[in-house]
Number of protein chains: 2
Amino acid sequence: MALQDPVYKEAVIDLLGAIAYGEISAFQRLAQDAGTAPELRDKAELARMASRELGNFERLCDHMESLGADPIVAMESFVEVFDAFHVRTASSDWLEGLVTAYVGDGLAADFYSEIAAFLDADTQRVIIENLRDTGNAEFVVGRVRAAIVKDHRVGGRLALWGRRLMGEALTQAQRVAAERDALTALLAGGVDRPGMDLAAISRLFTRLTENHTKRMESLGLAP
Amino acid sequence: MALQDPVYKEAVIDLLGAIAYGEISAFQRLAQDAGTAPELRDKAELARMASRELGNFERLCDHMESLGADPIVAMESFVEVFDAFHVRTASSDWLEGLVTAYVGDGLAADFYSEIAAFLDADTQRVIIENLRDTGNAEFVVGRVRAAIVKDHRVGGRLALWGRRLMGEALTQAQRVAAERDALTALLAGGVDRPGMDLAAISRLFTRLTENHTKRMESLGLAP
């Protein structure tokens, strides 16, 4: 079993730690956005989204513990890079928060499912299950589109915001790739595991960008 | 069945709305405190506490819906008074947040269970179930006591904080009593329901104060 290889296992725990810290950061961000939602109904919806991220977080922590890892230790390595992302993409109103939740979580989900394809079946299952049910697409799309109808300038502002999110996400992803050797090695593959060459990584980025564009369009935003 | 009396039913929905808005406010506050917790382990614990409050919130909303009420409408009346309380008791660090969670939620729980004693069995059960499992006493007591050991001045500051919470809570409770006739009528009772006279209300306040004192002492704070 792949998880008996200590180098592979370390990389998997690293990856789970990154995803989990991402979840608790998303919780934090959504809870904060809930505080700025003008309508109580929207506040409740954002709080629900936040709580769902924390549910995912709990499941990931349980899984890391079942692998004998301390989830807190596994997450520590990612605090700086995720916090930097969140500081640089702190939303100034709840609509920006909605776009971040939809576009940012969508991008992260795409990225992690691409990586999951290179992992053992067990880890793959945990990651894929974790990615379900965070989107809340209908709610977000409805609210963003309604805001643009009400004031079309909002569309321009949020389109810029979406592009900035993509840029910041790529910057931070590159930082993680440069700093976390174990994680990068996962993608590169091993003697008995397939990996990605440069051409494959380039195709991965093309897919991520295409999906990002689709998400922006479904929000009614110029990608 | 008591809930067939429209006046009684209105008062019950009012009360459930107040408790529910209190829960989502507590969610918000704890999520914010999670952001200021210096250790990742504590941040996760506060996020968990926040999420549990939201779980309670969801159950209360479901129950209000089962009574044919719109939970959002039921909560709207309490937004102003709860928000005023939370603005006046915004914690300046995560230790104050812990004291608020423990002392404030404890006080609210005591108050609501006292009121529940005057209600029909069904509503009583919903309220009592809702009050369970929000405390997280062990975690809070441990962290506050550890902080005082590390720096005894913290104890003085947090003791003042606890007293201020009690004062603000009483102020806002009086405001609710003055504004929400249906709620006040609940406490006063009816032809076929027992109520509280002034002596009983005075004894209620004595019990609330005594429990508050016990909670302060268990935190190691002068009441």
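So, here's what we can say about the structure. (Residues numbered from 1 in each chain as written. Chains lettered and ligands numbered in written order. Predicted model: local features only at pLDDT ≥ 70, side-chain atom pairs only at ≥ 80, totals over all residues. Heavy atoms only, no water.)

**Considering the overall build of chain A**
Regarding its fold elements, chain A presents nine helices and zero strands. The secondary structure elements of chain A, listed N-terminal to C-terminal, are α-α-α-α-α-α-α-α-α. Here the C-alpha radius of gyration of chain A, 18 Å, is about what a compact globule of 223 residues would show, namely 17 Å. Across its three principal axes, chain A shows a C-alpha extent of roughly 55 × 35 × 25 Å. In chain A, once contacts between residues fewer than 6 apart in sequence are set aside, the share between residues at least 24 apart is 80%. (Helix = DSSP H or I, 4+ residues; strand = E, 2+ residues; numbered from the N terminus. Rg over C-alpha atoms; globule rule 2.2 N^0.38 Å. Contact = heavy atoms within 4.5 Å.)

**Side note on the packing of aromatic side chains**
What describes a pair of aromatic rings is the distance from one ring centre to the other and the angle between the planes of the rings. Counting across every chain of the model gives five aromatic pairs over all chains. Ring centres of A:Phe27 and B:Phe27 lie 6.1 Å apart, and the angle between their planes is 85°; on these two criteria the pair is classed as edge-to-face. Here A:Phe27, found in helix α1 (residues 6-36), pairs with B:Phe27, found in helix α1 (residues 6-36), and the two come from separate chains. For the pair B:Phe111 and B:Tyr112, a centre-to-centre distance of 5.8 Å together with 50° between the ring planes defines the contact as tilted. Exposure remark for B:Phe111: the relative accessible area of 25% places this residue in the partly exposed category. (Phe/Tyr/Trp six-rings, centres within 6.5 Å; stacked < 30°, edge-to-face > 60°. Buried < 20%, exposed > 50% of the residue type's maximum accessible area, 1.4 Å probe, protein only.)

**Some words on the packing of helix α4 (residues 94-116) of chain A against helix α5 (residues 121-131) of chain A**
Residue and element names in this part refer to chain A. Across the interface, α4 lies against α5 with an axial gap of 9 Å and an inter-helix angle of 165°. What the angle tells us is that α4 and α5 run roughly antiparallel. For the pair α4 and α5, the crossing hand works out as left-handed. Residue-level contacts link Ala 109, Tyr 112, Ser 113 and Ala 116 of α4 to Gln 124, Ile 127, Ile 128 and Leu 131 of α5. Looking at the contact of α4 with α5 residue by residue, the class counts come to six nonpolar, two polar and no charged. (Axes fitted to C-alpha atoms, helices over the stretch in contact; angles between N-to-C directions. Parallel < 35°, antiparallel > 145°, perpendicular 65-115°, else oblique. Left-handed = near helix turned anticlockwise from the far one by under 90°. Nonpolar A, V, L, I, M, F, W, Y, C, P; charged D, E, K, R; others polar.)

**A word on helix α5 (residues 121-131) of chain B**
Residue and element names in this part refer to chain B. Within α5, the full set of buried residues consists of Thr 123, Val 126, Ile 127, Asn 130 and Leu 131. Looking straight down α5, one finds its buried side chains confined to an arc of 130°; they lie on one side. Looking at the packing, one finds that the buried side of α5 touches α1, α2 (40-66) and α4 (94-116). (Arc of directions from axis to C-beta.)

**A short note on the relation of the copies chain B and chain A**
Superposition of chain B onto chain A requires a rotation of 180° combined with a translation of 0.0 Å along the rotation axis, giving an RMSD of 0.0 Å. Both chain copies can therefore be described as sitting about a two-fold axis. Closest approach to the rotation axis within chain B is made by the C-alpha atom of B:Ser51, at a distance of 2.7 Å. Looking at the interface residues of chain B, 100% of them are also at the interface in chain A, so both copies use one shared face. (Least-squares fit on C-alpha atoms with pLDDT ≥ 70 in both.)

**Some words on the interface of chain B and chain A**
Contact residues are listed per partner, giving 24 residues for chain B and 24 residues for chain A. Summed over both partners, the interface of chain B with chain A comes to about 2000 Å²; 65% of that surface belongs to carbon and sulfur atoms. The tally of links between chain B and chain A comes to four salt bridges. Residue A:Glu58 is joined to B:Arg48 by a salt bridge in which the shortest nitrogen-to-oxygen separation is 2.7 Å. Seen at the junction of chain B and chain A, the total is seven residue pairs in polar contact (both at pLDDT 80 or more). Listing elements by their share of the side of chain B that touches chain A, those giving two or more residues are α1, α2 and α3 (71-88) of chain B. With 11 residues, α2(B) is the largest single contributor of residues to the side of chain B that touches chain A. Here the side of chain B that touches chain A is built from residues that sort into 14 nonpolar, four polar and six charged. (Buried area = accessible area lost by both parts, 1.4 Å probe. Salt bridge = Lys/Arg side-chain N within 4 Å of Asp/Glu carboxyl O. Polar contact = N/O pair within 3.5 Å; in protein donor to acceptor, adjacent residues only side chain to side chain.)

Scope: geometric values only; no functional claims are made or implied.
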